[in-house]
Amino acid sequence: MKKKLRTIFAWVLVSLFLQFGAYSFLENKVAKVLGPVAEAGPITKQLEATIPGTDFENVQVSYAKDYLAYTENGTLKIFNLKKEKMVFEKKAPANDNTMGVLNYQWLPDRDTLVYFYGKKNPNPVTYVTVPVDPVVPPATTPPKSTVPINPEDPNQKPDKQVEEEVKPKVPVQTKTVPKYGNPQITELYTLELPNSDEDTAPDDRFNQTINEFPAGGKIEEFVVSTSTNLIYLTIKNGSTERLMEIDVMKNVRTLNKTGETIDSMAASDRYGTLFITSKVGGTKQVISLGVGNRHTISKNANDRVIGVLDGKVYIGEVKNNVLVKIKSTEDRSEIKDNPSFQTEWEGSIPFNNVSTLIGSEGQIVIYSQQMANVITAGQLEEIPLLGEENYISDDGAELIQMKKSGTSTIVELKPLKD
């Protein structure tokens, strides 16, 4: 009997282990589908390609370092660096160079480009029928009608007829009026690229129309939080600025206060919280914007947002166009006012006409066209940039150097740090 019980117990344990392994396997598979996870360490490549044309703007390299996105004469172009051929172009609408692709951004964990496209609204005015307030005639004594006595009504006298007022009927009047819509249609697209070895055409997919996007607005800054499906934009339209949050699930919100301008911003890769360098009048602060919450992170007028990654919010202190300190605070699901800071680095880096990013391995990169300053674990390394035009990938790992050659441009990719 004991032997039989031991055998049953052993088989139960084996069954539980097998079930646990199967459930773990399925859970990992589902997680990979819902949220693609980057491989260990950033992807880097060393290659050289020649691209027709010389007047490139907003140059960005894809996650896998095999596609280059740029605009040339108002047209968005995607170039396969490995096969050295153009694989996608998106032009402005015919006879309207003021519209077309407004801005774009590669997603950080796959070869997918998110972009906004503007075009004129062919029907900016619609006509609707609305009721008109009736004209009330001057007060007069209304006619009265005689109502027969109701014997069952105790309030009526049996010897008199009951008189009641006859109200004139007023016909309902309507009118047709113009209703003005947005003269610009702004659309959000995602462009998915295949493996660079394949000849499959990119999948250019329409997502939604952003009705709240102001006509003629220019996208100044553009950040994404892929884990929360949130996109944040700062849009300049004349003297006004708008901070917009777009949820891929169709919700659109305007987040900035009246008269507020945004100098820099970054989105949490964990919670979707937006961190901005806010300026209202003469007051400059670092603010966090969560779901309906606004908190003051720093009241120091010299502080500005550098970036957010892996649970840390990085704030730089800039005095007289010189970066003198970088500090960090914890990226939490619930942000509080005036959190505590930890100093990450102190020193002196010129901070005029520079780009900043937080690399995938936690390095802080501040670079101009001549020099890349890379801070890793509090240590600064200066890397001279030798190309005519220089760019660094969003993960901080790849250097893109460009040099004009006749009517073409030679593009060289190599790791930022060999």
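Keep in mind that what you see is a predicted model, and the values were worked out from it rather than measured.

A. Structural context of unusual backbone geometry. Positioned with a positive phi, K65 is a non-glycine residue whose angle comes to about 65 degrees. Among the secondary structure elements, K65 is positioned in the loop between β2 (57–61) and β3 (67–72). At A377, a position not held by glycine, the phi torsion is positive, near 50 degrees. For A377, the location among the structural elements is in the loop between β28 (371–376) and β29 (379–384). You can call A377 exposed: its relative accessible area is 75%.

B. A look at the pattern of salt bridges. Tallied over the full model, the rule gives 18 salt bridges. Note that D204 and K90 form a salt bridge whose closest N and O atoms lie 3.4 Å from each other. Of the two residues, D204 sits in strand β13 (residues 203–209) while K90 sits in strand β5 (residues 85–90), which places them 114 residues apart along the sequence. The class of D204 is partly exposed, set by a relative accessible area of 29%. For K90, a relative accessible area of 15% puts it in the buried group. For K119, the salt bridge is made with E187, and the minimal N-O distance between the two is 3.3 Å. Of the two residues, K119 sits in strand β7 (residues 112–120) while E187 sits in strand β12 (residues 184–192), which places them 68 residues apart along the sequence. E187 sits in the buried class, given a relative accessible area of 9%. Here the residues in one salt-bridge network are K83, K85 and D199, joined through shared partners.

C. Highlighting the sheet that holds strand β30 (residues 389–392). Read across the open sheet, the four strands follow the order β1-β32-β31-β30; overall the sheet is antiparallel. In the strand order of this sheet, the two ends are held by β1 (47–52) and β30, each with one partner. The sheet shows a mean angle of 20 degrees between the axes of neighbouring strands, taken without regard to direction. Sheet topology places strand β31 (residues 398–405) next to strand β32 (residues 408–415); eight bridges connect them, and they run antiparallel. Pairing of Q401 across the sheet is with E412, part of β32.

D. Broad picture of the confidence of the model for the chain. When pLDDT is averaged along the chain, the result is 86, and 81% of the positions lie at 70 or above. Overall, residues 20–38 carries pLDDT values under 50, and its contacts beyond four positions in sequence, including any with other chains, amount to three contacts.

E. Structural context of the nonpolar core. Ranked by size, the top nonpolar core spans 15 residues in total, and within it L68, L81, I400 and V411 carry the most contacts. Counting only elements with at least two residues in this core, the list comes to β1, β2, β3, β31 and β32. The biggest single contributor to this core is β1, with three residues. Sequence-distant contacts of I400, that is, excluding residues within four places in its chain, are made with V61, L68, E389, N390, Y391, I392, S393, V411, E412 and L413.

F. Main features of the environment of E187. Placed 19 residues apart in sequence, E187 and F206 show a C-alpha to C-alpha distance of 7.4 Å. A polar contact of 3.3 Å, which involves the side chain of E187, links it to the side chain of K119. Within polar-contact distance, the side chain of E187 engages the side chain of Y189 at 2.8 Å.

G. Structural detail: the side chain of D303. Residue placement: D303 occurs in strand β22 (residues 303–309). Looking at D303, its side chain comes within polar contact range of the side chain of K327, at 3.0 Å. Apart from residues lying up to four places away in sequence, D303 is in contact with T277, V286, S298, I315, G316, E317 and K327.

H. Looking closely at the environment of L255. Here L255 shows up in the loop between β17 (252–254) and β18 (260–267). Along the sequence, L255 and E245 sit 10 residues apart, while their C-alpha atoms lie 7.0 Å from each other. If we skip the residues at most four places from it in the chain, L255 touches Y232, L243, E245, L274, L289 and R294.

I. Quick peek at the packing of aromatic side chains. The final tally for this structure, using the stated rule, is four aromatic pairs. Each ring, one from Y189 and one from F206, has its centre 5.6 Å from the other, and the planes form 70 degrees; the classification is edge-to-face. You can see Y189 sitting in strand β12 and its partner F206 sitting in strand β13, a full 17 residues away along the chain. A residue is classified by how much of its surface remains accessible, and F206, at 41% relative accessible area, is partly exposed. Each member of the aromatic cluster is reached from another via a ring pair, and the members are Y115, Y189 and F206. Here K90 stacks its cationic end above the ring of Y189, 4.2 Å away from the centre of that ring. Sitting above the plane of the F341 ring, K327 keeps its charged end 4.9 Å from the centroid.

J. Quick peek at the sheet that holds strand β4 (residues 75–80). Strand order in the open sheet formed by four strands is β2-β3-β4-β5, and the pairing between neighbours is antiparallel. The two strands at the open ends of the sheet, each matched to only one other strand, are β2 and β5. Ignoring strand direction, the axes of neighbouring strands in this sheet form an average angle of 20 degrees. The pairing of β3 with β4 spans six bridges and is antiparallel. Residue pairing in the sheet places A69 in a bridge with I78 of β4.

Rules used throughout
- Along each chain, numbering runs from 1 in the same order as the chain's sequence is written.
- This being a predicted model, a pLDDT of at least 70 is required before a residue's local features are given, and a value of 80 or more before pairs of side-chain atoms are given or counted; all residues contribute to the totals for chains, interfaces and linings.
- Side-chain measures were taken over the full set of non-hydrogen atoms in the model, leaving aside hydrogen atoms and water.
- Numbering of helices and strands starts at the N terminus; helices are DSSP runs of H or I of at least 4 residues and strands are runs of E of at least 2.
- Burial status follows relative accessibility: with a 1.4 Å probe on protein chains alone, a residue under 20% of its type maximum counts as buried, one over 50% as exposed, and anything between as partly exposed.
- A pairing counts as a salt bridge when a side-chain nitrogen of Lys or Arg comes within 4 Å of a carboxyl oxygen of Asp or Glu.
- Whether two strands pair depends on DSSP finding at least two bridges between them.
- Helix axes are fitted only over the stretch in contact, all axes being lines through C-alpha atoms; the angle between N-to-C directions runs from 0 to 180 degrees.
- Scored from 0 to 100, pLDDT records how confident the predictor is in each individual residue.
- Contacts are assigned to residue pairs with any non-hydrogen atoms lying within 4.5 Å of each other.
- What we call a nonpolar core is a set of buried Ala, Val, Leu, Ile, Met, Phe, Trp, Tyr and Cys residues that are connected through their side-chain atoms within 4.5 Å.
- Any N or O atom pair separated by 3.5 Å or less is treated as a polar contact, with the protein-specific requirement of one donor-capable and one acceptor-capable atom, and with residues adjacent in sequence counted only for side-chain atom pairs.
- Note on ring pairs: Phe, Tyr and Trp rings are taken, using the six-membered ring of Trp, and paired if centres are within 6.5 Å. Classes follow the plane angle, with under 30 degrees stacked, over 60 edge-to-face and the rest tilted.
- A ring has a charge above it when a Lys NZ or an Arg CZ is no more than 6 Å from the ring centre and no more than 35 degrees off the ring normal.

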